[in-house]
Amino acid sequence: MAYSPKVIDHYENPRNVGNFGTTADVKKRADVGVGIVGAPECGDVMQLQILVDQETGKIKDAKFKTFGCGSAIASSSLATEWLKGRTIDEGLAIKNTQIVEELSLPPVKIHCSVLAEDAIRAAISDYKAKNPGAAGGAASAPAASAASR
Amino acid sequence: MALKLPIYMDHAATTPCDPRVVEAMLPYFTEKFGNSGSRNHRFGWEAEEGIDWARERVARLLGANEKEVIFTSGATESNNLAIKGAAEMYEKKPAGQTGRGHIITCIIEHKAVLDPVKRLVKEGFDATFLEPGPDGIVTAKMVEAAMREDTILVSIMWANNEIGTINEVREIGALCRKRGVIFHSDGTQWAGKMPVNVEQDNVDLLSMSSHKIYGPKGVGALYVRRRNPRVRLVAQQDGGGQERGFRSGTHNVTGIVGMGKAAEIALQEMDAEGARLLQLRQKMETSLTKAIDVSQINGHLEKRLPHLTNISFGFVEGEGLMMAIKDIACSSGSACTSASLEPSYVLKGLGVGDELAHSSLRLSLGRWTTEEQVDFAIENITRAVLKLREMSPLYDMHKEGIDLSKIEWAHH
């Protein structure tokens with residue numbers, strides 16, 4: 001199967017590989033949301049971690065680690081790029097179809113983009129579960145705008 | 001000298017034609033282009049001579065009589081003709097309680113054996129699909145335990161195409177002989193690489209392919225025993241009655257001549273080549289498993305073809321890995337590399353763990369594989385696995401002491 005140049009680029013130069021600590025560490029951190037989706041027997045496991053500014057609700061940083069094919073690695077790499085700088089609600093707006101389009105994924109690889117969208121949702125919902133008060137970041141928006149002035 | 005890239009390490013899929021084979025074939029395209037069925041002129045006689053010449057060489061490779069060699073379009077056709085042809089010939093008439101007769105095969109056979117047997121099951125035959133143990137070997141004991149009063153056919157491959165394991169062919173053949181059951185073996189990965197003597201090996205029907213032994217594609221052979229017992233088959237393709245009526249259709253003369261030459265060379269070079277490739281494979285396996293933790297060689301460690309290895313590298317996915325070693329042409333058991341998106345049923349059949357089944361590479365060496373290429377492969381595969389592990393969440397979990405089998409994964 002031929003890969004698109006963008007998949008190859010993300011695969012060869014993956015953006016934001018890593019994590020914000022061990023599995024046990026990030027579980028304890030309220031400013032980190034973790035999403036792990038997929039299963040080894042399906043040949044894809046994506047781990048996406050977001051580091052959120054608890055004041056502003058903005059995603060300051062995002063990291064991934066993926067067990068999977070080139071398209072799965074590229075989809076998660078792209079997801080981290082797109083997440084950085086967004087609020088968590090804006091993060092939820094990322095759709096798998098946008099990933100498919102950006103990376104020119106063929107039909108057999110659409111599941112990789114679905115997995116990336118699932119990973120985004122899982123990481124954000126993990127963050128929200130850890131921060132029940134900070135719904136979406138809307139509540140902290142006035143504080144953020146005040147700080148930026 | 002700089003290494004020419006990419007390097008080919010997928011000889012179990014197909015092999016390049018040996019130039020000596022091509023040379024033998026060439027006259028049959030242009031000067032000796034006749035139809036072997038033309039009995040009344042020189043062109044036909046020349047074509048027939050070419051076929052006879054090739055048949056003799058294939059027979060010699062198998063320790064058979066030339067009258068026992070049927071040329072086909074390849075091992076898939078040979079398997080279909082052997083299995084369907086024998087089942088239809090030896091079926092129970094009238095059908096017994098369990099159908100038209102019982103067939104024994106194995107879950108890790110090639111699809112070209114499994115699917116004909118499955119079709120026969122649909123058509124009223126009964127079948128047992130043996131499950132080998134984790135070492136992948138089918139033993140005579142397993143076959144014996146599955147034998148029934150109404151067993152008419154056993155089909156067990158000689159060596160497995162994905163992991164190279166070698167089954168107890170001679171012993172299974174002896175058992176079948178004793179019970180009066182026809183024994184077919186798919187010898188696609190074996191014949192031409194390893195010694196065959198159909199008499200000593202107790203085989204009644206043996207499939208083989210030309211393109212796996214440095215011959216052209218589109219041609220193969222089926223050995224059909226003529227004595228003790230004389231095996232009969234119902235032809236699956238009717239027409240001009242070529243190949244003693246077993247396989248009608250104008251002969252692929254060029255292909256057959258090529259296969260004959262390939263068989264001749266294989267017989268001459270088999271021993272030395274087997275020893276050379278075994279040494280290279282051992283170097284590759286030792287180096288890779290030493291450099292990479294949590295890696296395993298799949299299938300029985302000794303009872304394997306000398307030129308083939310199937311290795312799993314934990315925590316990295318096969319297709320992702322192949323993308324990282326794009327200068328090495330090989331195959332993977334990963335779901336993503338197959339057209340069906342299913343992971344290898346062979347590795348699954350062996351009970352290889354899921355994350356390891358997805359992480360396997362099959363590397364198969366051949367006539368022009370050099371030590372330099374093997375060194376290149378070792379270095380590149382090691383580097384790629386280590387790079388991908390840096391990116392693998394599973395490897396992190398493994399290092400943190402988390403048992404991956406205990407995690408409840410979200411299935412898609």
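Residues numbered from 1 in each chain as written. Chains lettered and ligands numbered in written order. Predicted model: local features only at pLDDT ≥ 70, side-chain atom pairs only at ≥ 80, totals over all residues. Heavy atoms only, no water.

**Q** Which parts of the structure should I look at to understand the overall build of chain B?
**A** Secondary structure assignment for chain B yields 13 helices and 13 strands. For 412 residues, the compact-globule estimate of 2.2 N^0.38 gives 22 Å, and chain B sits close to it at 23 Å. For chain B, the spread of C-alpha atoms along the three principal axes comes to 75 × 60 × 35 Å. Counting every atom, chain B has about 17300 Å² of accessible surface; 51% of that belongs to carbon and sulfur. Placing the 49 positive and 54 negative side-chain charges of chain B at their respective mean positions leaves the two points 5 Å apart. (Helix = DSSP H or I, 4+ residues; strand = E, 2+ residues; numbered from the N terminus. Rg over C-alpha atoms; globule rule 2.2 N^0.38 Å. Areas by Shrake-Rupley, 256 points an atom, 1.4 Å probe, with all protein chains shown as cover. Lys, Arg positive; Asp, Glu negative; His and termini not counted. Charge placed at Lys NZ, Arg CZ, Asp CG, Glu CD.)

**Q** Sorry, what's going on with the overall build of chain A here?
**A** Looking only at helices and strands, chain A features seven helices and three strands. Reading chain A from its N terminus to its C terminus gives the helix and strand order α-α-β-β-β-α-α-α-α-α. Here chain A holds 149 residues, and the buried ones make up 50% of them. Considering only contacts in chain A between residues 6 or more positions apart, those separated by 24 or more positions represent 63%. (Buried < 20%, exposed > 50% of the residue type's maximum accessible area, 1.4 Å probe, protein only. Contact = heavy atoms within 4.5 Å.)

**Q** Please explain the side chain of B:Arg389 as it appears in this structure.
**A** Residue position: B:Arg389 is located in helix H12 (residues 371–390). The residues touching B:Arg389, leaving out its near neighbours within four places in the chain, are B:Ile292, B:Asp293, B:Val294, B:Phe313, B:Gly314, B:Phe315, B:Val316 and B:Tyr395.

**Q** Hey, could you run me through helix H1 (residues 5–12) of chain A in this one?
**A** Three or four residues apart is the spacing at which side chains of an α-helix point the same way, because the helix has 3.6 residues per turn. Within the span of H1(A), buried status applies to A:Val7, A:His10 and A:Tyr11. End-on, the buried residues of H1(A) take up no more than an arc of 100°, which puts them together on one face. (Arc of directions from axis to C-beta.)

**Q** Whenever I open this one, the domain arrangement of chain B confuses me. Can you help?
**A** Size of an interface, as often reported, equals the accessible area lost when the parts are brought together. All names here are of chain B. Taken domain by domain, chain B comprises domain 1 (7–11 + 270–402) and domain 2 (19–266). Measuring from the centre of the C-alpha atoms in domain 1 to the corresponding centre in domain 2 gives 30 Å. Contact with domain 1, which involves 22 residues of that partner, is made by 32 residues of domain 2. Both sides together, the interface formed by domain 1 and domain 2 hides about 2400 Å², and carbon and sulfur atoms give 60% of it. For domain 1, the biggest contributors to the area lost against domain 2 are Met270, Tyr345 and Arg367; these three give 31% of the whole. The interface formed by domain 1 and domain 2 holds zero salt bridges in total. Between domain 1 and domain 2 we count 10 residue pairs in polar contact (both at pLDDT 80 or more) in total. Those elements that place two or more of their residues in the side of domain 1 that touches domain 2 are strand S10 (308–313) and helix H10 (345–349). Counting residues per element, the side of domain 1 that touches domain 2 draws most heavily on H10, at four residues. Tallied by class, the residues present in the side of domain 1 that touches domain 2 amount to nine nonpolar, nine polar and four charged. (Domains from an automatic or database assignment. Buried area = accessible area lost by both parts, 1.4 Å probe. Salt bridge = Lys/Arg side-chain N within 4 Å of Asp/Glu carboxyl O. Polar contact = N/O pair within 3.5 Å; in protein donor to acceptor, adjacent residues only side chain to side chain. Nonpolar A, V, L, I, M, F, W, Y, C, P; charged D, E, K, R; others polar.)

**Q** Is there a simple way to explain the packing of helix H5 (residues 96–103) of chain A against helix H6 (residues 110–130) of chain A in this structure?
**A** Each pair of packed helices can be summarised by the angle the axes make with each other and by the distance between the axes. All names here are of chain A. Viewed as axis vectors pointing N to C, H5 and H6 meet at an angle of 130°, and their least axial separation amounts to 8 Å. When the axis of H5 is compared with that of H6, the two are oblique. Relative to H6, the crossing made by H5 is right-handed. Residues Asn96, Ile99 and Val100 of H5 form the contact with H6, whose participating residues are Ile110, Ser113, Val114, Ala116 and Glu117. Residue composition of the contact of H5 with H6, grouped by class: five nonpolar, two polar and one charged. (Axes fitted to C-alpha atoms, helices over the stretch in contact; angles between N-to-C directions. Parallel < 35°, antiparallel > 145°, perpendicular 65-115°, else oblique. Left-handed = near helix turned anticlockwise from the far one by under 90°.)

**Q** Sorry if this is basic, but what is going on with the packing of aromatic side chains here?
**A** In this description, a pair of aromatic rings is defined by centroid distance and the angle of the planes. Applying the stated criterion across every chain, the model contains four aromatic pairs over all chains. Residues B:Phe33 and B:Phe43 carry aromatic rings whose centres are separated by 5.2 Å and whose planes lie at 35° to one another, so their mutual orientation is tilted. Placement of B:Phe33 in the loop between helix H2 (27–30) and helix H3 (42–62) and of B:Phe43 in helix H3 is noted, with a sequence separation of 10 residues between them. Ring centres of B:Tyr214 and B:Trp368 lie 5.6 Å apart, and the angle between their planes is 80°; this geometry places the pair in the edge-to-face category. Taken together, the positions of B:Tyr214 in the loop between strand S7 (205–209) and strand S8 (220–224) and B:Trp368 in the loop between strand S13 (360–364) and H12 put the pair 154 residues apart, joining distant regions of the chain. The ring of B:Tyr345 has B:Lys111 lying over it, and the distance from NZ or CZ to the ring centre is 4.3 Å. When the ring centre of A:Tyr11 is taken as origin, the NZ or CZ atom of B:Lys387, which lies over that ring, is 5.0 Å away. (Phe/Tyr/Trp six-rings, centres within 6.5 Å; stacked < 30°, edge-to-face > 60°. Lys NZ or Arg CZ within 6 Å of the ring centre and 35° of its normal.)

**Q** So what exactly am I meant to see when it comes to a positive patch on the surface here?
**A** On the surface, B:Lys67, B:Arg230, B:Arg232 and B:Arg244 cluster together into a positively charged patch. Within the fold, B:Arg230 resides in the loop between S8 and helix H8 (253–291). (Patch = residues over 30% accessible without salt bridge, like charges linked within 9 Å, V, L, I, M, F, W, Y side chains within 5 Å.)

**Q** Before we go on, may I ask you to explain the state of the cysteines in this structure?
**A** Cysteine pairs can be covalently joined through their sulfur atoms, and such a bond is termed a disulfide. Enumeration according to the criterion identifies zero disulfides over all chains in this entry. Lacking any disulfide linkage, B:Cys106 is separated from the closest cysteine sulfur, that of B:Cys176, by 14 Å. (Disulfide = S-S within 2.5 Å.)

**Q** Please clarify how the pattern of salt bridges should be interpreted in this entry.
**A** Any two side chains of opposite charge can pair, on the condition that their charged atoms come close. All names here are of chain B. Considering all chains together, one arrives at 38 salt bridges over all chains under this definition. Between Asp18 and Arg20 there is a salt bridge; the shortest N-O distance is 2.9 Å. Judged by relative accessible area, Asp18 falls into the buried class, the value being 1%. Take Arg20: its relative accessible area is 34%, and that puts it in the partly exposed class.

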